[in-house]
Amino acid sequence: MNEILRAEKDWDELLLQHPPSIEAAEQRQQQLDLWMDGRPVCGVMRPQFVTREMMQTDARVSETVLSAIHKACDWLRRNPAMSELYLGPSLAMYGPLMDYQRGYSQECVFGRLDAYRTPKGLRFLEYNAGMAGGFTRGADLATYFEGLPSFAAFQDRHPVSHQAVMPRLLEALLEAWTDWGGQGQPDIVVLMPKAMLKLPAVVTTVQAALRYFSEQGVPARVVDPIELEFDGKFLRQGAEPVRMVLRAFLVELAGEGIKPLMQALKAGAVCMVNPFSLNGHKAVFDVLTDFSLELGYTAEERQVVEEHVPWTRLVRPTRTQGLDGSQVDLLDHALSNQHRLVLKAAVSLGGKDVMLGWRMPADEWRKALETAVSDRYWVVQDKLELVGSTFPQLATGFPPMQAHLDCCPLLIGGRFAGYMTRLSPGEITNVSSGGSSLPTFILESK
């Protein structure tokens, strides 16, 4: 950590010695499409730094946690009664979709583990399987920081590199297409309901992906699922065949418009590189962290889950292993430990439906838990020991800002590919809720 602190100190000093104008910095973000809802995507003037050794450790633990998640999901698939217990209302919606064969070998082509760096290393809150948010902005953010007047002087003191993920993502998409049986160059269709294109964070993410695919000579376009038809042989948008799909929505947002896609998937007529799966359901983290279950963990997986995944339980009347390892009544335990628990929806995006127990009056917490029991759709999770950071703001004089920083490993084909990093003054880091995205630079040895 001393190496990182020295790099941060030198960066801030050089930023003041070679200051860009605020107007120029904002204009540069606009030119790079790093602009969202009338503001820059990155509102601070320093990237995140990690050492090569830290990154290697992050890669090992994130890949190990993902392997354990896959084992938890396999256990649920093999036990229909347990799937009904843990997944509840989601099973009726997602269940039939999970029976369709992928048509390619990869368990998950790409995904993101949401995590915070704590004094004990990364701690993983949830897994977003097959959602492309976080993959698209890193290279442009790195380009923005590399163009600052102070960057060359900083490189003289601290050589850094940036791990680009979009080339690896596109390579994985094309591998899945070929493995599925696709011939020639695919035309990638990003499936997204038009209503989602009103969300600024979605627009910037999708535009960046389409631009990159186009630059690499791979055609790509956005299509609303409601525009699709299946004729028994081909999935089409009007006269245009649709053979490769990248889904950018939750099932709940598509409604009846998803039926042609479901028919085509059942018939094996379309390659969807991010199929519907159990992986992203937050109740999977209940199974993951319940060590009374026999999931077939290796010794390393058991240790990494214990050290890097917070205690998580689906809210329901039951006895279970509590925060201290003893057997407890879950609802009583959640009431008495309000000060250290988070309550959140089992399927949600954008930092929504997250309640911090230590920020709520006791009566509101009790009512929220009662509602959660009837919904069968919420989990409680142990609070993380967050480490606050200070960053220079994108404002005159670069005043310091206290903030929380997440550090989310991106995974492609089950392997670590890089980071998505977000920063926010609040305890929930989400760009669509007012936070910032920033790149991660790796400190290299001279």
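Every value quoted in this text rests on a predicted model; they were computed, and no experiment measured them.

Our next topic: the sheet that holds strand E12 (residues 244-247). What the four strands build is an open sheet, ordered E8-E7-E12-E13; its pairing is parallel. In this open sheet, the two strands that pair with only one neighbour each are strand E8 (220-223) and strand E13 (271-272). Relative to E13, E12 runs parallel, the two being bridged by two bridges. Of the residues in E13, the one forming a bridge with Met244 is Cys271.

Turning to the packing of helix H3 (residues 52-78) against helix H12 (residues 299-308), a few remarks are in order. At their nearest, the axes of H3 and H12 sit 9 Å apart, and the two run at 105° to each other. In terms of orientation, H3 and H12 fall into the roughly perpendicular class. Within the contact between the two elements, H3 uses Arg60, Val61, Thr64, Val65, Ser67, Ala68 and Lys71 and H12 uses Glu300, Glu301, Val304, Val305 and His308. Within the contact of H3 with H12, the residues separate by chemical class into five nonpolar, three polar and four charged.

Further remarks concern the state of the cysteines. Tallied over the full model, the rule gives zero disulfides. Residue Cys73 stays outside any disulfide, its sulfur separated by 9.7 Å from that of Cys108, the closest cysteine. The thiol of Cys271 is unpaired, and the distance to the nearest cysteine sulfur, on Cys108, comes to 13 Å. The exposure class of Cys271 is buried, given its relative accessible area of 0%.

Before going further, it helps to spend a moment on empty space enclosed by the protein. Empty space among the atoms can be located by rolling a probe the size of a water molecule over them. All chains considered together, the criterion is met by two cavities of 30 Å³ or more. Lining the second largest cavity are Leu32, Asp33, Leu34, Thr136, Arg137, Asp140, Thr204, Ala208 and Arg211. Ranked by residues supplied to the lining of the second largest cavity, first place goes to helix H9 (residues 200-215) with three residues. Broken down by class, the residue content of the lining of the second largest cavity amounts to three nonpolar, two polar and four charged.

Attention now goes to the pairing of strand E5 (residues 121-129). Among the nine residues of E5, eight are classified as buried, and the element is accordingly described as predominantly covered. In terms of strand pairing, strand E4 (residues 110-118) meets E5 through eight bridges, oriented antiparallel. Of the residues in E5, the one forming a bridge with Gly111 is Ala129.

Taking strand neighbours across the sheet as the criterion, the three strands line up as E3-E24-E6 in an open arrangement whose pairing is mixed. Strands with a single pairing partner mark the edges of an open sheet, and in this sheet they are strand E3 (48-51) and strand E6 (160-161). Across two bridges, E6 lies against strand E24 (residues 440-443) in antiparallel orientation. Bridged to Val160 within E24 is Leu443. Of the strands in this sheet, E3 and E24 are in contact with helix H1 (residues 2-17), which crosses E3 at around 145°.

In this structure, Phe49, Ile69, Tyr127, Tyr144, Val287, Leu288 and Leu423 are the most contacted members of the largest nonpolar core, which totals 71 residues. Broken down by element, the residue count for this core peaks at 12 residues, all from H3.

A few words on the pairing of strand E19 (residues 378-382). Strand residues, when the strand is regular, have side chains that alternate between the two faces of the sheet. Counting buried residues in E19 gives five out of five residues, a clear majority hidden from the surface. Across the two faces of E19 the burial is the same, with Trp378, Val380 and Asp382 and Val379 and Gln381 all buried. With three bridges connecting them, strand E14 (residues 312-314) and E19 associate as antiparallel partners. Following the sheet pairing, Arg313 is matched in E19 by Val380. Both strand E17 (residues 341-345) and E19 contribute to a ladder of five bridges, which runs antiparallel. For Ala345, the partnering residue across the bridge sits in E19 and is Trp378.

Right, let's talk about the side chain of Thr289 for a bit. Within the secondary structure layout, Thr289 lies in helix H11 (residues 284-289). A relative accessible area of 4% means that Thr289 is categorised as buried. One polar contact links the side chain of Thr289 to the main-chain amide nitrogen of Thr312, over a distance of 3.4 Å. A distance of 3.1 Å separates a polar atom in the side chain of Thr289 from a polar atom in the side chain of Arg313.

Turning next to the pattern of salt bridges. According to the stated counting rule, one finds 25 salt bridges in the structure shown. A salt bridge links Asp10 to Arg157; its shortest N-O distance comes to 3.3 Å. With Asp10 in helix H1 and Arg157 in helix H7 (residues 151-157), this residue pair connects regions lying 147 residues apart in the sequence. Asp10 gets classed as buried once you look at its relative accessible area, which sits at 15%. The shortest N-O distance in the salt bridge between Arg211 and Asp140 comes to 2.7 Å. Of this pair, Arg211 sits in helix H9 while Asp140 sits in helix H6 (residues 138-146), and the two are 71 residues apart along the sequence.

This part is about the packing of aromatic side chains. By convention here, two paired aromatic rings are described through the distance between centres and the angle between planes. Evaluated as defined, the whole model comprises 12 aromatic pairs. One aromatic cluster is present, formed by Trp11, Phe49, Tyr144, Phe145, Phe151, Phe154 and Phe441 through successive ring pairs. We note Arg46 situated over the ring of Phe391; from NZ or CZ to the ring centre the distance is 4.4 Å. In this structure, Lys383 packs its charged tip against the face of Trp358, placed 4.3 Å from the ring centre.

Inspection of the secondary structure assignment puts Asp286 in helix H11. The residues touching Asp286, leaving out its near neighbours within four places in the chain, are Tyr86, Thr312, Arg313 and Leu314.

Rules used in this analysis
Residues numbered from 1 in each chain as written. Predicted model: local features only at pLDDT ≥ 70, side-chain atom pairs only at ≥ 80, totals over all residues. Heavy atoms only, no water. Pairing = 2+ DSSP bridges. Helix = DSSP H or I, 4+ residues; strand = E, 2+ residues; numbered from the N terminus. Axes fitted to C-alpha atoms, helices over the stretch in contact; angles between N-to-C directions. Parallel < 35°, antiparallel > 145°, perpendicular 65-115°, else oblique. Contact = heavy atoms within 4.5 Å. Nonpolar A, V, L, I, M, F, W, Y, C, P; charged D, E, K, R; others polar. Disulfide = S-S within 2.5 Å. Buried < 20%, exposed > 50% of the residue type's maximum accessible area, 1.4 Å probe, protein only. 1 Å grid on protein atoms, 1.4 Å probe; cavity = no way out; pocket = protein on both sides within 12 Å on 5 of 7 lines; lining within 4 Å. Points joined across faces, edges and corners; volume = space filled by probe spheres on them. Core = buried A, V, L, I, M, F, W, Y, C linked by side-chain atoms within 4.5 Å. Polar contact = N/O pair within 3.5 Å; in protein donor to acceptor, adjacent residues only side chain to side chain. Salt bridge = Lys/Arg side-chain N within 4 Å of Asp/Glu carboxyl O. Phe/Tyr/Trp six-rings, centres within 6.5 Å; stacked < 30°, edge-to-face > 60°. Lys NZ or Arg CZ within 6 Å of the ring centre and 35° of its normal.

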